[in-house]
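Structure at a glance
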Amino acid sequence: MSDIIRRDPRAEWIARNRLHPLHAAMQPVQHSWMGPNGILRKNVHGVGFIGPNGIKRIDRSGAQQGGASKRTAAAEVQLPLHQVAAPAFYINVVPDMVGGRLSSHDRDLLGLARQLAGSDGAVLAVVFGEHKESTFATAGVDRLLVLEGHEFDGYSPEQRVQGLRAVDNQFNPRHWLLPDSRSGGGELGRRFAASLKERPATRVWQIKGQECIGRAGAGQEDLARPLPRLILAAAECADPVSETRHEVLPVELSTTLARSLPRIEDLGAVAVDPAAIPMAEAEFIFSGGNGVKDWALFHQTAAALGATEGASRVAVDDGFMARDRQVGASGTWVTARVYVAVGISGAIQHLQGIGACDKVVAINLDPGCDMIKRADLSVIGESAAILQALIEAVAAYRNGAKRDAA
Ligand SMILES: Cc1cc2nc3c(=O)[nH]c(=O)nc-3n(C[C@H](O)[C@H](O)[C@H](O)COP(=O)(O)OP(=O)(O)OC[C@H]3O[C@@H](n4cnc5c(N)ncnc54)[C@H](O)[C@@H]3O)c2cc1C
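Residues numbered from 1 in each chain as written. Predicted model: local features only at pLDDT ≥ 70, side-chain atom pairs only at ≥ 80, totals over all residues. Heavy atoms only, no water.

The protein chain is annotated in an unreviewed UniProt entry as Electron transfer flavoprotein subunit alpha of Pseudomonas palleroniana. The record held by UniProt for the protein chain lists under Sequence similarities (unreviewed entry) the comment "Belongs to the ETF alpha-subunit/FixB family." (UniProt positions renumbered as here; feature names shortened; annotations may be inferred.)

Set out below in structure tokens:
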């Protein structure tokens with residue numbers, strides 16, 4: 001087994017949260033043994049550790065429990081199963097499923113759907129084509145409808161709207177929820193609303209009773225309105241589901257979808273120069289800071305990964321990167337799906353700029369730095385060695401893929 005310590009931020013959070021159903025399972029195992037006279041002995045002092053000055057310390061951050069014990073929430077204890085035998089109504093969700101998996105925006109949306117479904121309703125997720133997701137159960141999905149077929153591949157809004165209309169006819173959901181995102185949900189939701197001749201609520205960030213609040217006026221104002229059936233919700237509209245497990249029962253369409261000739265033809269993705277993508281729109285950012293010692297190697301790695309380059313302010317001030325590449329409070333606020341921070345300490349001004357990034361990977365020498373605390377995946381070590389290994393891994397992966405294709 002690898003010696004690499006992998007942190008599990010979710011497990012650490014549960015270990016800190018005494019109200020969470022898995023809290024007890026996340027506590028360290030109490031050392032106990034059988035004494036010579038057959039009595040079970042327990043070391044009740046086995047909690048915590050002795051600090052360098054000889055004083056006992058108990059780490060209440062959860063890192064000791066969640067991280068060091070290498071447990072994962074799912075592996076230890078099953079979350080309570082929420083079942084809806086005969087749903088009184090449906091709340092339909094159409095997640096973006098970027099890369100075939102639920103994004104954090106999708107999970108927020110499922111959290112919102114769960115709130116709207118209460119105990120009688122069921123959350124029905126509608127997914128187009130093949131997916132790679134295995135955590136629908138813990139994301140709050142009661143029913144799963146996969147609309148299969150090549151007609152849904154790529155950019156196919158017309159066919160998808162047709163599919164959603166068929167689902168609407170069959171399940172007549174109380175609400176439809178789509179992510180108001182650039183990854184598809186924003187456009188699909190508006191097209192779907194137009195085809196149903198219904199007015200959707202857009203950029204919704206809060207629902208209170210029968211009223212919802214969405215951003216308006218170029219993001220400068222809030223617009224409160226009665227809750228419509230179709231809701232296009234912003235990221236962080238609700239907390240993702242974390243305390244229950246759901247059935248994910250498969251459901252099917254009872255009718256076969258009529259195939260109409262689409263007016264839009266998808267000619268496939270166009271290869272673009274990652275450097276030409278504006279930072280604010282880049283999906284994959286490879287960012288360098290003061291810990292990058294070999295900038296030629298940094299550029300080579302970014303090119304091998306096909307990532308857009310970013311930088312900390314120190315890297316920009318030192319003249320290694322252009323000013324328009326600076327990420328952070330006084331640079332660009334980015335929304336990448338994956339943000340790789342190489343040798344960046346994680347100063348508050350930098351972290352502000354990456355607050356909306358989905359997954360953060362940190363490469364750093366210092367395991368205690370703030371970027372490592374923010375990261376979903378951390379690699380501790382010398383940046384040059386790690387970048388070199390990354391280039392080799394990418395090359396091996398590409399060669400393997402070519403061999404498989406041949
Ligand atoms: C008003 C104001 C606005 C600011 N705005 C921004 C902003 O928009 N964006 C921004 O980024 N900063 C901004 N800053 C600056 C910010 O406070 C930090 O100084 C800056 O982010 C630090 O950059 P860094 O992490 O690259 O450098 P450092 O803080 O020097 O960190 C370098 C990191 O690299 C690691 N390291 C060192 N050597 C290696 C190695 N060989 N391999 C791997 N890791 C290594 C170190 O452990 C360390 O964590 C602002 C500051 C102010 C006052």
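Let us keep going from here.
Turning to the overall build of the protein chain, a few remarks are in order. The secondary structure content of the protein chain amounts to twelve helices and 20 strands. In the protein chain, buried positions account for 42% of the 406 residues. Sequence-distant contacts, at least 24 apart, represent 61% of the contacts inside the protein chain between residues at least 6 apart. Accessible surface computed for the protein chain: about 22,400 Å², of which carbon and sulfur atoms make up 54%. (Helix = DSSP H or I, 4+ residues; strand = E, 2+ residues; numbered from the N terminus. Buried < 20%, exposed > 50% of the residue type's maximum accessible area, 1.4 Å probe, protein only. Contact = heavy atoms within 4.5 Å. Areas by Shrake-Rupley, 256 points an atom, 1.4 Å probe, with all protein chains shown as cover.)

To continue, consider the environment of alanine 238. With respect to the helices and strands, the residue alanine 238 is situated in the loop between β13 (230–233) and β14 (245–246). Along the backbone, alanine 238 and isoleucine 207 are 31 residues apart, and their C-alpha atoms lie at a distance of 8.9 Å.

As for its placement among the helices and strands, asparagine 364 is situated in strand β19 (residues 359–364). A distance of 3.2 Å separates a polar side-chain atom of asparagine 364 from the backbone oxygen of isoleucine 344. Beyond its immediate stretch of four places on either side in the chain, asparagine 364 contacts Gly343, Ile344, Ser345, Cys369, Ile372, Val379, Ile380 and Gly381. (Polar contact = N/O pair within 3.5 Å; in protein donor to acceptor, adjacent residues only side chain to side chain.)

Another aspect to go through is the sheet that holds strand β6 (residues 90–93). A sheet is described by the order of its strands in space; here nine strands give the open sequence β12-β11-β10-β13-β9-β6-β7-β8-β15, paired in mixed fashion. In this open sheet, the two strands that pair with only one neighbour each are β12 (221–226) and β15 (249–250). Pairing geometry for strand β8 (residues 143–147) and β15, over two bridges, is parallel. Among the inter-strand pairings, arginine 143 is bridged to a residue of β15, identified as leucine 249. Most of the contacts of helix α6 (residues 157–171) go to strand β7 (residues 122–128), to which it runs at about 155 degrees, and overall it touches β6, β7, β8 and β9 (175–179). Across the sheet, helix α7 (residues 185–196) is in contact with β7, β9, β10 (201–208) and β13; its angle to β13 comes to roughly 165 degrees. (Pairing = 2+ DSSP bridges. Axes fitted to C-alpha atoms, helices over the stretch in contact; angles between N-to-C directions.)

Moving on, we get to the packing of aromatic side chains. By the definition in use, this model includes six aromatic pairs. Taken together, a centroid distance of 5.2 Å and an interplanar angle of 85 degrees make the contact between tyrosine 90 and phenylalanine 171 edge-to-face. With tyrosine 90 in strand β6 and phenylalanine 171 in helix α6, this residue pair connects regions lying 81 residues apart in the sequence. Here the two residues tyrosine 90 and phenylalanine 171 agree in accessibility, since each one is buried. (Phe/Tyr/Trp six-rings, centres within 6.5 Å; stacked < 30°, edge-to-face > 60°.)

Now for the site of the ligand. Taken together, 25 residues lie around the ligand, and Ser312, Ser330, Ser345, Asn364 and Glu382 are the ones closest in. One nitrogen or oxygen atom from the side chain of serine 312 is found 2.6 Å from an oxygen atom belonging to the ligand. Leucine 365 has a polar backbone atom sitting 3.2 Å from a nitrogen atom of the ligand. Its free accessible area being 990 Å², the ligand has 73% of it covered by the protein chains. When residues of the shell around the ligand are traced back to their parent elements, those giving at least two are α9 (313–317) and α10 (348–353). For the shell around the ligand, a count of residues per class yields six nonpolar, 15 polar and four charged. (Near = heavy atom within 4 Å. Nonpolar A, V, L, I, M, F, W, Y, C, P; charged D, E, K, R; others polar.)

With respect to the helices, strands and loops of the structure, aspartate 108 is situated in helix α4 (residues 104–117). Buried charge without a partner: aspartate 108 forms no salt bridge, and the closest opposite charge is arginine 107, 8.0 Å away. Polar contacts involving the side chain of aspartate 108 include one to the main-chain amide nitrogen of glutamate 236, which spans 2.8 Å. Excluding residues within four positions of it along the chain, aspartate 108 makes contact with Ala235, Glu236, Cys237, Ala238 and Pro240. (Lys, Arg positive; Asp, Glu negative; His and termini not counted. Salt bridge = Lys/Arg side-chain N within 4 Å of Asp/Glu carboxyl O.)

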